[in-house]
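Survey of secondary and tertiary structure
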Amino acid sequence: VQLVESGGGSVQPGGSLRLSCAASGFTFSSYVMSWFRQAPGKERELVAGISGTGRNPNYADSVKGRFTISRDNVKNTVYLQMNSLKPEDTAVYYCHAVWEQNLSRDYWGQGTQVTVSS
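As a starting point, this report considers the structure included with it. (Residues numbered from 1 in each chain as written. Predicted model: local features only at pLDDT ≥ 70, side-chain atom pairs only at ≥ 80, totals over all residues. Heavy atoms only, no water.)

Topic: the nonpolar core
- Of all hydrophobic cores here, the largest spans 29 residues; its most connected members are Met33, Trp35, Val78, Leu80, Met82 and Tyr93.
- Counting only elements with at least two residues in this core, the list comes to strand E3 (17-24), strand E4 (31-38), strand E5 (45-50), strand E7 (67-72), strand E8 (77-82), strand E9 (91-99) and strand E11 (112-116).
- Leave out the neighbours within four places in its chain, and Tyr93 touches Glu5, Leu19, Trp35, Phe36, Arg37, Val47, Phe67, Leu80, Met82, Gly111, Thr112 and Val114. (Core = buried A, V, L, I, M, F, W, Y, C linked by side-chain atoms within 4.5 Å. Buried < 20%, exposed > 50% of the residue type's maximum accessible area, 1.4 Å probe, protein only. Helix = DSSP H or I, 4+ residues; strand = E, 2+ residues; numbered from the N terminus. Contact = heavy atoms within 4.5 Å.)

Focus on the state of the cysteines
- Scanning the entire structure with this criterion turns up one disulfide.
- Covalent S-S linkage joins Cys21 and Cys95, the inter-sulfur distance amounting to 2.1 Å. The disulfide joining Cys21 to Cys95 has a torsion of about -80° about its S-S bond and is therefore left-handed. One end of the pair, Cys21, is in strand E3; the other, Cys95, is in strand E9, with 74 residues separating them in the sequence. Neither residue differs from the other here; Cys21 and Cys95 are each classed as buried. (Disulfide = S-S within 2.5 Å.)

Re the environment of Arg37
- Assignment of secondary structure puts Arg37 in strand E4.
- Considering only alpha carbons, one finds Arg37 and Gln101, 64 residues apart in sequence, at a separation of 24 Å.
- For Arg37, the residues in contact, after removing those within four places along its chain, are Glu43, Arg44, Glu45, Val47, Ser62, Val63, Phe67, Glu88, Asp89, Ala91, Val92 and Tyr93.
- A polar contact is formed between the side chain of Arg37 and the side chain of Ser62, at a distance of 3.4 Å. (Polar contact = N/O pair within 3.5 Å; in protein donor to acceptor, adjacent residues only side chain to side chain.)

Digging into the pattern of salt bridges
- Inspection of the entire model under this criterion finds four salt bridges.
- As a salt-bridge pair, Arg37 and Asp89 come within 2.9 Å of each other at their nearest N and O atoms. Linking Arg37 in strand E4 with Asp89 in the loop between E8 and E9, this pair joins segments that are 52 residues apart in sequence. Both residues of the pair, Arg37 and Asp89, count as buried.
- Note that Asp89 is salt-bridged to Arg66, the shortest N-O span being 2.8 Å. With Asp89 in the loop between E8 and E9 and Arg66 in the loop between strand E6 (58-59) and E7, the pair connects residues that are 23 residues apart, well separated along the chain.
- Take Asp89: its relative accessible area is 0%, and that puts it in the buried class.
- When its relative accessible area of 10% is taken as the criterion, Arg66 is described as buried. (Salt bridge = Lys/Arg side-chain N within 4 Å of Asp/Glu carboxyl O.)

Description of the pairing of E11
- In E11, alternate side chains face the same way, and those of Thr112, Val114 and Val116 are buried while those of Gln113 and Thr115 on the opposite face are not.
- Pairing geometry for strand E2 (residues 9-11) and E11, over three bridges, is parallel. Across the sheet, Ser10 pairs through a bridge with Thr115, a residue of E11.
- Where E9 and E11 come together, three bridges link them in antiparallel fashion. By the bridge assignment, Tyr93 is partnered in E11 with Thr112. (Pairing = 2+ DSSP bridges.)

Shown next as structure tokens:
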């Protein structure tokens, strides 16, 4: 099983980034996919999640209206479009997969750094 994130980087406040997470080694469409983030000195927090069918995306209040999660079940990839970025969005962003039938079966990516600074 692999979850490989990409698309992180440095951007100025107000800018945009698109994160990608390419999955392999499991039945992608049967897994809820989520993005978490962890800032220095803080606990990891859920940013956004999306069901296996792509319906019912959910977002943390802090990113609603700015971030959009989506998935492509043909390419086995989940995305996070981040717009209007703020310095407080600075964190390592992690991709997470959990099987809809058994929440104890889950996987994490290695993380990608997002830095928002002027």
